[in-house]
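Commentary on secondary and tertiary structure
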Amino acid sequence: MKQLFKKIKLWLQSLSFRTGVIVLLCCIPFYILSFAQMLLPISAAAKGVLWTVLFGLAKTCQYGGITILGVDGYNRVKEYLRGRKM
């Protein structure tokens, strides 16, 4: 099982910086949807299932994007965001 995770991690790290940013940005709509679905007129059980699925997708995109970016790419994004705030 560890070897499978290592293969997946190596494959994700081989993807480009741009792909990492896109995957990282995909987590935003999933976070919004995971909490916005609470306004739907459906049962509490369905809301719980929807929240679990959408929040899980958001976390998957978040950690997948960070894995694709790596340390250098993550620092590049942070510096870009700091520069825009000034």
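Residues numbered from 1 in each chain as written. Predicted model: local features only at pLDDT ≥ 70, side-chain atom pairs only at ≥ 80, totals over all residues. Heavy atoms only, no water.

As a further point, take the overall build of the protein chain. Assigned secondary structure in the protein chain consists of three helices and zero strands. Reading the protein chain from its N end, one meets helices and strands in the order α-α-α. Radius of gyration (C-alpha) of the protein chain: 16 Å, far over the 12 Å computed for a compact globule of 86 residues. C-alpha atoms of the protein chain, sized along the principal axes, occupy 45 × 45 × 15 Å. Counting over 86 residues, the protein chain shows a buried share of 19%. Sequence-distant contacts in the protein chain: of pairs separated by 6 or more residues, those separated by 24 or more amount to 70%. By element, 71% of the accessible surface of the protein chain is carried by carbon and sulfur atoms, the whole surface being about 6700 Å². (Helix = DSSP H or I, 4+ residues; strand = E, 2+ residues; numbered from the N terminus. Rg over C-alpha atoms; globule rule 2.2 N^0.38 Å. Buried < 20%, exposed > 50% of the residue type's maximum accessible area, 1.4 Å probe, protein only. Contact = heavy atoms within 4.5 Å. Areas by Shrake-Rupley, 256 points an atom, 1.4 Å probe, with all protein chains shown as cover.)

This brings us to the layout of surface pockets. Of the pockets and cavities examined, the largest pocket occupies roughly 280 Å³. Lining the largest pocket we find F17, V21, L24, L25, Q62, I66, Y74, R76, V77, K78, Y80 and L81. Going through the elements one at a time, α2 (17-36) and α3 (44-85) are the ones with two or more residues in the lining of the largest pocket. No other element matches the eight residues that α3 contributes to the lining of the largest pocket. Along the lines of polarity and charge, the residues of the lining of the largest pocket split into nine nonpolar, one polar and two charged. (1 Å grid on protein atoms, 1.4 Å probe; cavity = no way out; pocket = protein on both sides within 12 Å on 5 of 7 lines; lining within 4 Å. Points joined across faces, edges and corners; volume = space filled by probe spheres on them. Nonpolar A, V, L, I, M, F, W, Y, C, P; charged D, E, K, R; others polar.)

Turning next to the packing of aromatic side chains. Tallying each qualifying case throughout the model produces four aromatic pairs. Between the aromatic rings of Y31 and F55, the centroid separation amounts to 5.6 Å while the plane-to-plane angle is 70°, which identifies the pairing as edge-to-face. Here Y31 is found in helix α2, whereas its partner F55 is found in helix α3, with 24 residues between them in sequence. A ring pair is formed by F35 and W51, whose centres lie 6.3 Å apart and whose planes are at 70°; its orientation type is edge-to-face. Taken together, the residues F35 in helix α2 and W51 in helix α3 connect sequence positions 16 residues apart. Taken together through their ring pairs, the aromatic side chains of Y31, F35, W51 and F55 make up a single cluster. Positioned above the aromatic ring of F17, the side-chain terminus of R76 is 3.7 Å from the ring centre. (Phe/Tyr/Trp six-rings, centres within 6.5 Å; stacked < 30°, edge-to-face > 60°. Lys NZ or Arg CZ within 6 Å of the ring centre and 35° of its normal.)

Our focus in this paragraph is helix α1 (residues 2-13). For the α-helix, the turn length of 3.6 residues means that residues three or four positions removed from each other point alike. Between the first and last C-alpha of α1 there are 16 Å, a value that for 12 residues agrees with the 16 Å anticipated at 1.5 Å per step. Of all 12 residues in α1, one are buried, a share of ten percent or less. (Expected span 1.5 Å × (residues − 1).)

Bringing the environment of G83 into the picture now. Here G83 shows up in helix α3. We classify G83 as partly exposed; its relative accessible area is 48%.

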